[in-house]
Amino acid sequence: MQPDEKYLFTYKGCYFQPDLTSVEYLDSLEDFEIRDSDVFLVTYPKSGTVWTENILSLIYHEGHRDGSEKLTLLDRVMSLEYNIGNVDYASRPSPRLFASHVPYYLVPKGLRNRRAKVVYVVRNPKDVLVSYYHFSKTSLKLEEVEDFGIFMERFLAGKVLASLWLDHVEGWYSHRDDFNILFLTYEEMKKDLRSSVLKLCNFLGRRLTEKEVDAVVDQATFNKMKADPRANYEFMPPEFMDYSKGHFLRKGTVGDWKNMMTVAQNERFDSVFKERIEKLPIKFCWDINEES
Ligand code: A3P
């Protein structure tokens, strides 16, 4: 079954949301002007995008003593392919922070000179699937699929926004030498947030004091972010989200798939994904209690 055109259209082999972007706009991204100081956070949806956006923003604005404390996350980290506010990105001051879900082959070509930075966050795909399923109920821009089994089949076939998880992750990993890129996993962030923040600071060349690092870590915890109206994404207008059905910050844990997937669904998932997952240069953590 093909996805509903009201919610998805294909552009060069990848699914996008038709209300939020267009073929003309996506065409323009190839020549989108890149500054050396730009930072692009790239993720497959539901992999910890908002979380990492907040961390990047905190690192760059060191606890927000620079006026950015009043801005929501969407103003601080701008979506590359979904410019919903029609912001003139070219007039924004450096350093600019962007977030994107595009596959490696659709990024602006200026990123390939390896000067601007890319941070790619990957999450174990079973938790991504479950998070995506819940999110599709909350987001009015995604088709709501009541039955989890049906949603899983769409996910396994790549008939969801950003297309197939495997293609996205494999594509970015196998082309990593084309970019100035740091890979992080959601699970390592969850297990040791401070180390992940330090890794990011190191990659981005940002020197923060111990106290500033502590402040970033503190403000990026799940509970702090959930309570922070500038960071929890509940500022999105009602035409985008139905918050009576869920939240961007839902559970924020590792291994929630075990509460959702039946044994048979888990086996079905593995029969489609496992072989390619095992070839990826990532050791996934499937449960927060697992030893790494
Ligand atoms: P769950 O639905 O499993 O809770 P994205 O931002 O890419 O859409 O990802 C959303 C997922 O990241 C959600 O997962 C959300 O709860 C989780 N998340 C957001 N902020 C987080 C934080 N500070 N700590 C842990 N997880 C977080």
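Our structure's up above, just so we're on the same page.
This section reports on the structure supplied with the text. Keep in mind the model is a prediction, meaning the values are calculated, not measured. (Residues numbered from 1 in each chain as written. Predicted model: local features only at pLDDT ≥ 70, side-chain atom pairs only at ≥ 80, totals over all residues. Heavy atoms only, no water.)

**What to know about the packing of aromatic side chains**
Here is step 1: Applying the stated rule across the entire model yields 27 aromatic pairs.
Here is step 2: With a centroid separation of 6.3 Å and an interplanar angle of 75°, the aromatic rings of Phe32 and Tyr89 are classed as edge-to-face. With Phe32 in the loop between helix 1 (23-29) and strand 3 (39-43) and Tyr89 in the loop between strand 4 (78-79) and strand 5 (97-100), this residue pair connects regions lying 57 residues apart in the sequence.
Here is step 3: Ring pairs connect the aromatic residues Tyr44, Tyr132, Tyr133, Phe148, Phe151, Phe155, Trp165, Phe269, Phe273, Phe284 and Trp286, which therefore count as one cluster.
Here is step 4: Over the ring of Trp286 we find Lys126; its NZ or CZ atom is 4.9 Å from the centre of that ring.
Here is step 5: We note Lys141 situated over the ring of Phe240; from NZ or CZ to the ring centre the distance is 5.6 Å. (Phe/Tyr/Trp six-rings, centres within 6.5 Å; stacked < 30°, edge-to-face > 60°. Helix = DSSP H or I, 4+ residues; strand = E, 2+ residues; numbered from the N terminus. Lys NZ or Arg CZ within 6 Å of the ring centre and 35° of its normal.)

**Details of the site of the ligand**
Here is step 1: Taken together, 18 residues surround the ligand, and among them Thr49, Ser131, Tyr186, Lys251 and Gly252 come closest.
Here is step 2: Between Ser47 and the ligand, the recorded distance is 3.1 Å, taken from a backbone N or O atom to an oxygen atom.
Here is step 3: Ser131 has a polar side-chain atom sitting 2.6 Å from an oxygen atom of the ligand.
Here is step 4: Relative to its free-state accessible area of 570 Å², the ligand is covered by the protein chains to the extent of 97%.
Here is step 5: Within the residue set of the shell around the ligand, elements represented by two or more residues are helix 2 (49-61) and helix 10 (222-227). (Near = heavy atom within 4 Å. Polar contact = N/O pair within 3.5 Å; in protein donor to acceptor, adjacent residues only side chain to side chain. Areas by Shrake-Rupley, 256 points an atom, 1.4 Å probe, with all protein chains shown as cover.)

**Some remarks on the sheet that holds strand 6 (residues 117-122)**
Here is step 1: Pairing is parallel in the open sheet, where five strands are placed in the order 4-5-3-6-7. Edge positions in the sheet fall to strand 4 and strand 7 (180-185), since each has one partner strand and no second.
Here is step 2: Alignment of strand 6 against strand 7, held across six bridges, turns out to be parallel. The partner of Lys117 across the bridge, within strand 7, is Asn180.
Here is step 3: Packed onto the sheet, helix 2 meets strand 3, strand 5 and strand 6 and runs at close to 165° relative to strand 3.
Here is step 4: Of the strands in this sheet, strand 3, strand 6 and strand 7 are in contact with helix 8 (residues 193-204), which crosses strand 7 at around 180°. (Pairing = 2+ DSSP bridges. Contact = heavy atoms within 4.5 Å. Axes fitted to C-alpha atoms, helices over the stretch in contact; angles between N-to-C directions.)

**Details of the pairing of strand 3**
Here is step 1: For strand 3, a buried count of five out of five residues is recorded, marking the element as mostly surrounded by other parts of the structure.
Here is step 2: Side-chain alternation along strand 3 places Val39, Leu41 and Thr43 on one buried face and Phe40 and Val42 on a second face that is also buried.
Here is step 3: Sheet analysis places strand 3 next to strand 5, joined by four bridges and oriented parallel. Bridge pairing in strand 5 places Phe40 opposite Phe98.
Here is step 4: Bridge analysis of strand 3 against strand 6 gives five bridges, and the strand direction is parallel. Across the sheet, residue Phe40 finds its bridge partner in strand 6, namely Val118. (Buried < 20%, exposed > 50% of the residue type's maximum accessible area, 1.4 Å probe, protein only.)

**Some words on the packing of helix 4 (residues 125-138) against helix 5 (residues 148-157)**
Here is step 1: In contact at an axis separation of 10 Å, helix 4 and helix 5 are set at 120° when each is read in the N-to-C sense. One way to sum up the angle between helix 4 and helix 5 is to call them oblique. In this structure, helix 4 crosses over helix 5, and the sense of that crossing is right-handed. Only Phe148, Phe151, Met152 and Phe155 of helix 5 make contact with helix 4, whose side of the interface consists of Pro125, Val128, Leu129, Val130, Tyr132, Tyr133 and Ser136.
Here is step 2: Its residues assigned to classes, the contact of helix 4 with helix 5 comprises 10 nonpolar, one polar and no charged. (Parallel < 35°, antiparallel > 145°, perpendicular 65-115°, else oblique. Left-handed = near helix turned anticlockwise from the far one by under 90°. Nonpolar A, V, L, I, M, F, W, Y, C, P; charged D, E, K, R; others polar.)

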